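Here are the chains, one letter per residue:
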Amino acid sequence: MRKDTPHSFMKASMFPSSRTINQSPVKSGRSGRADLHRSSEAALSVFNSSLTAFSSAAGEPEAGAGASREAPAPASGSPAAEENAVNEELNTDSAASDDLCKSALPERPDFTGDWLMVRLEGNMDAFMKECGVSFLMRSAASAARFGVGTFKTQVRHSDEVLHVVSPLIAGKVYKSSLRIDGTRQDDKDPTDGKRMFVTPAWEADGATLRCEYRRADTGAALPVSRRFLVGAQMCIEQTAPSGQAVKRYFERR
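All residue numbers refer to positions counted from 1 along the written sequence of the respective chain. Two thresholds apply to this predicted model, a pLDDT of at least 70 for residue-level local features and 80 or more for giving and counting side-chain atom pairs, whereas whole-chain, interface and lining totals are computed over all residues. With hydrogens and water excluded, all non-hydrogen atoms of the structure serve as input to the side-chain values.

## Side note on the sheet that holds strand β12 (residues 245-252)
Here comes step 1: Note: two strands are recorded as paired if DSSP finds a minimum of 2 bridges between them. The secondary structure listing takes helices from DSSP runs of H or I that are at least 4 residues long and strands from runs of E that are at least 2 residues long, numbered from the N terminus. If you walk across this open sheet you meet the ten strands as β6-β5-β4-β3-β12-β11-β10-β9-β8-β7, and the pairing is antiparallel. The sheet terminates laterally at β6 (173-179) and β7 (185-188), the two strands that pair on one side only. On average, adjacent strands in this sheet sit at an angle of 30° to one another, irrespective of strand direction.
Here comes step 2: Judged from the three bridges that link them, strand β9 (residues 209-215) and strand β10 (residues 224-230) form a sheet pairing that is antiparallel. In the sheet register, Leu209 faces β10, and the bridge partner there is Arg227. Helix axes use the C-alpha atoms of the stretch in contact, all axes being lines fitted to C-alpha atoms, and the angles between their N-to-C directions lie in the range 0 to 180 degrees.

In structure tokens:
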């Protein structure tokens, strides 16, 4: 006579709703038929439990629609019980890992608003000179305090797209739409209208938008722009290839 071995269904770690059912060897005679009947009842119970789980995800089951019976819990110390304990521990560790990853994700700032420039830091005249702006234009900008208290910019920030509209001299308007995905995109230099390339991406802190610019015709590097929030203010920091940097601060209006 063959000795019966304990069998159980085990919960798959990657598919919580699926189960594997091992069938017991069938005995001959009344004892075999009784064992087969019990095995069939257990299998049917597992199947009904699976249906209940799926129906709970889609909606409440209708009243009287075949209530399922739960399979008996495996005995303490059995291979099935040890297996269930291991699965529960793995699920707990996985949930804790997911929570840790979510908490580590940086919170993206929202730059949306109608902004007015309220403060300037750095030598703007030297910065503009390095960027090739003429003496006449720099003198006019200096007379207007380089836009402090007058320069406005409109920003619409949606998901990973940044739309910027800024007025220029002589009634001109600068418009830009950037996808913040780290790819090279086309843009125009607001000072002379020449075509340039821009690569927008979030820095490691997840709160600073960095844009690297290059001339489309020569490939020469242009000032790097970094946009971030300082309290309720938005700061745009621009750094020329030589390291000359200026910071402009804006407040929502």
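## Details of the pairing of β6
Here comes step 1: Burial along β6 is one-sided: Tyr174, Ser176 and Leu178 are buried, while Val173, Lys175, Ser177 and Arg179, pointing the other way, are not.
Here comes step 2: For strand β5 (residues 161-167) and β6, the ladder comprises seven bridges, and the chain directions are antiparallel. Opposite Leu162, over in β6, you have Leu178 as the bridge partner. Partly exposed describes any residue whose relative accessible area lies between the buried limit of under 20% and the exposed limit of over 50%, with all areas from a 1.4 Å probe on protein chains only and scaled to the type maximum.

## Concerning the nonpolar core
Here comes step 1: Nonpolar cores are built from buried Ala, Val, Leu, Ile, Met, Phe, Trp, Tyr and Cys residues. Side-chain atoms within 4.5 Å join them into one set. By size, the foremost hydrophobic cluster in this structure holds 19 residues, and its most contacted members are Phe111, Val155, Leu162, Leu209 and Met234.
Here comes step 2: Contributing elements (two or more residues each) for this core: β3 (113-121), β5, β8 (195-202), β9 and β11 (233-239).
Here comes step 3: Residues in contact with Leu209, not counting those within four places in the same chain, are Phe111, Leu162, Ile180, Pro200, Ala201, Trp202, Ser225, Arg226 and Arg227. Contacts are assigned to residue pairs that have any heavy atoms within 4.5 Å of one another.

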